[in-house]
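Each chain is listed here by its residues.
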Amino acid sequence: MVIIRVLSALLLVVLMAGCSEPGFPKDPDGTLLRATGGELRAGLSPNEPHTSAEVAIIEDWAATIESEVVWTEGAESELFELLKLGELDVVVGGLASDSPWSTHGAMTRPYGEVIGPDGKQRKLVLATRLGENALLVSLERFLVEEGLQP
Amino acid sequence: MSTAHEHLPADKRQLLGRAVRLQWVSIGIMAVVITGVGLVAGQSQAMRTALAEDTLALLPPMVFLVGVWRTRRPRNAKHPWGHHRAVGAGHLVASAALLVMGASLVWNGGSGLVLGERPPIGIVAFAGRTMWAGWLMIVVMALAMVPPIILGRLKLKYAEPLHDKVLTADADMLKADWMTGLATIAGVTGIGFGLWWADSAAAVVVAVSILHDGFKNMRQAVRDLLDGRATPVDSDEPHPLNEELWRIATHTPWVADAAVRMRDMGHVFHAEVFVVPTTSPTLEAVEDLTARLRASDWKTEDTVVVLTSEVPADIAGRSRPAG
């Protein structure tokens with residue numbers, strides 16, 4: 001069938017494009033490119049005992065892309081507004097994967113687990129700017145490579 | 001399912017039996033596809049929407065099976081026209097499902113564009129290896145497109161010979177299904193190239209075509225339920241049997257003039273043939289004409305002849321061929 005043939009051709013093209021990573025996926029606003037060898041704008045909403053570990057994760061990851069982290073401390077709500085506006089690149093704050101902030105930021109895959117106040121298991125995540133998928137993929141790959149998963 | 005469809009000729013009964021089997025197979029396959037997409041969807045809102053839309057595609061096969069089951073019942077005093085309208089009701093439900101699917105796509109894609117939503121797509125880790133989750137979505141959607149393409153083509157083969165409009169709506173739904181899959185593939189690929197709006201834009205583009213099919217089916221279903229003139233499946237033209245019955249009647253020596261009104265009951269028609277006799281015909285002559293009209297096609301089994309001194313002018317016009 002013609003449709004099937006067109007589809008398999010399409011798939012082949014797409015998979016070939018996949019070999020050209022890491023240029024793929026791209027950031028709509030080129031955040032990862034800008035941060036590489038430059039500045040990474042990170043937001044910190046203190047929430048111990050998680051945030052010390054999270055700051056270390058971000059610093060270590062930034063080192064792999066030769067980026068210098070500039071930290072902004074603030075309330076979670078304020079930081080996520082800045083993240084949405086594109087004035088921050090990442091936010092840490094002991095965030096759980098079911099955090100309602102997924103409208104303002106892209107949650108990474110979980111790097112750890114914690115028992116919440118209701119006795120249920122919560123997965124700990126970091127947040128990156130929505131749609132900046134190269135940035136998200138880079139941070140997530142770092143988490144996997146470091147074995148940071150629940 | 002036994003086929004006690006006495007109103008159908010043997011070959012059509014066999015065809016209907018095969019269509020019923022195809023629908024059961026179709027429901028089974030689509031259930032597997034939906035489960036597969038559901039497992040990959042995870043937290044992705046876009047994939048979850050695709051899942052909800054896939055579930056809608058189960059509706060047309062279901063109303064088809066319910067309709068066929070219902071139309072098996074013979075006509076009786078309580079249901080003097082039989083239960084054929086179950087097919088028309090099924091057509092209405094199937095077209096509503098199409099409209100809901102189109103509207104959902106327009107809403108989700110449109111709001112994504114207006115609000116400037118940028119879909120995040122991260123990685124998946126598998127056996128110590130990682131890859132961009134977009135690749136997985138593309139592969140799954142490409143696989144999920146194959147069953148609807150094949151099933152849709154198979155179902156269209158049954159629609160015309162069985163005169164079943166639920167099957168045409170079903171085929172349109174399956175088309176909507178694989179087009180949405182194609183849109184997701186294009187959209188995710190676009191996102192990979194840094195075009196955040198690609199997924200929403202692709203959804204809106206296919207939604208236009210789905211809404212068009214939905215409106216078309218809805219219009220046809222409502223027309224048939226409101227006793228509009230019978231048409232072939234997926235058409236607004238008069239069904240050729242309108243003219244065929246008129247021709248049989250007017251070619252009868254004792255008939256001076258005739259007019260036909262024919263409505264689609266679902267699978268079969270109900271027709272009234274008004275004839276103006278030249279002389280007073282015998283009862284045998286009228287019954288012979290009725291028998292010939294009924295024998296002209298399996299769908300015209302329920303045809304009555306009405307003797308009149310003048311054909312009803314308001315219905316005559318269009319059932320008569322030009323010139």
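Calculation notes
- Residues numbered from 1 in each chain as written.
- Chains lettered and ligands numbered in written order.
- Predicted model: local features only at pLDDT ≥ 70, side-chain atom pairs only at ≥ 80, totals over all residues.
- Heavy atoms only, no water.
- Helix = DSSP H or I, 4+ residues; strand = E, 2+ residues; numbered from the N terminus.
- Rg over C-alpha atoms; globule rule 2.2 N^0.38 Å.
- Buried < 20%, exposed > 50% of the residue type's maximum accessible area, 1.4 Å probe, protein only.
- Contact = heavy atoms within 4.5 Å.
- Areas by Shrake-Rupley, 256 points an atom, 1.4 Å probe, with all protein chains shown as cover.
- Core = buried A, V, L, I, M, F, W, Y, C linked by side-chain atoms within 4.5 Å.
- Arc of directions from axis to C-beta.
- Expected span 1.5 Å × (residues − 1).
- pLDDT = per-residue confidence, 0-100.
- Buried area = accessible area lost by both parts, 1.4 Å probe.
- Salt bridge = Lys/Arg side-chain N within 4 Å of Asp/Glu carboxyl O.
- Polar contact = N/O pair within 3.5 Å; in protein donor to acceptor, adjacent residues only side chain to side chain.

A. Broad picture of the overall build of chain B. A tally of helices and strands in chain B yields 10 helices and 5 strands. The globule rule puts the C-alpha radius of gyration for 323 residues at 20 Å, and the 25 Å found for chain B is more than 25% above it. Taking the principal axes of its C-alpha atoms as reference, chain B extends roughly 90 × 40 × 30 Å. The proportion of buried residues among the 323 residues of chain B is 52%. In chain B, the proportion of contacts linking residues at least 24 apart, taken out of those at least 6 apart, comes to 70%. Element-wise, carbon and sulfur atoms account for 63% of the exposed surface of chain B, whose accessible area totals about 14,800 Å².

B. Representation of the nonpolar core. Formed by 32 residues in total, the largest nonpolar core has its most connected members in I121, W132 and I210 of chain B. Listed by contribution, the elements that provide at least two residues to this core are α5 (133-145) of chain A together with α4 (85-114), α5 (133-162), α6 (165-192) and α7 (198-225) of chain B. Excluding residues that lie within four positions of it along the chain, I121 of chain B makes contacts with N133, L136 and V137 of chain A together with W132, A133, G134, M137, V188 and I191 of chain B. M30, V166, L167 and L174 of chain B belong to the second largest nonpolar core, which has 25 residues in total.

C. Up close: helix α8 (residues 240-250) of chain B. Within the sequence span of α8 of chain B, burial applies to L241, N242, L245, W246, I248 and A249 of chain B. The buried residues of α8 of chain B occupy an angular sector of 160° when the element is viewed end-on, so they sit on one face.

D. Highlighting α5 of chain B. Helix length check: α5 of chain B (30 residues) gives 44 Å between terminal C-alpha atoms against 44 Å at 1.5 Å per residue, within 8%. Once α5 of chain B finishes, H163 of chain B follows within two positions and takes phi at roughly 45°, a positive value.

E. Focus on the environment of V25 of chain B. When you line up the elements, V25 of chain B lands in helix α1 (residues 10-41). C-alpha of V25 of chain B to C-alpha of S104 of chain B: the two residues are 79 residues apart in sequence and 27 Å apart in space.

F. Here's a closer look at the confidence of the model for chain B. Residues at a pLDDT of 70 or more form 94% of chain B, whose mean pLDDT is 90. The ipTM, which scores confidence in the relative placement of chains, is 0.83 for this predicted complex, and the corresponding pTM is 0.85.

G. Summary view of the interface of chain A and chain B. Taken together, the contact between chain A and chain B spans 28 residues of the former and 26 residues of the latter. Both sides of the chain A and chain B interface together cover about 2,400 Å² of buried area, and 74% of this is carbon and sulfur. On the surface where chain A and chain B come into contact, there are 2 salt bridges. Between D29 of chain A and R118 of chain B there is a salt bridge, and its shortest N-O distance comes to 3.3 Å. Summed over the shared surface of chain A and chain B, the result is 7 residue pairs in polar contact (both at pLDDT 80 or more). Of all elements in the fold, only α1 (2-18) and α5 of chain A reach the threshold of two or more residues within the side of chain A that touches chain B. The dominant element in the side of chain A that touches chain B, judged by the number of residues it contributes, is α1 of chain A, at 8 residues.

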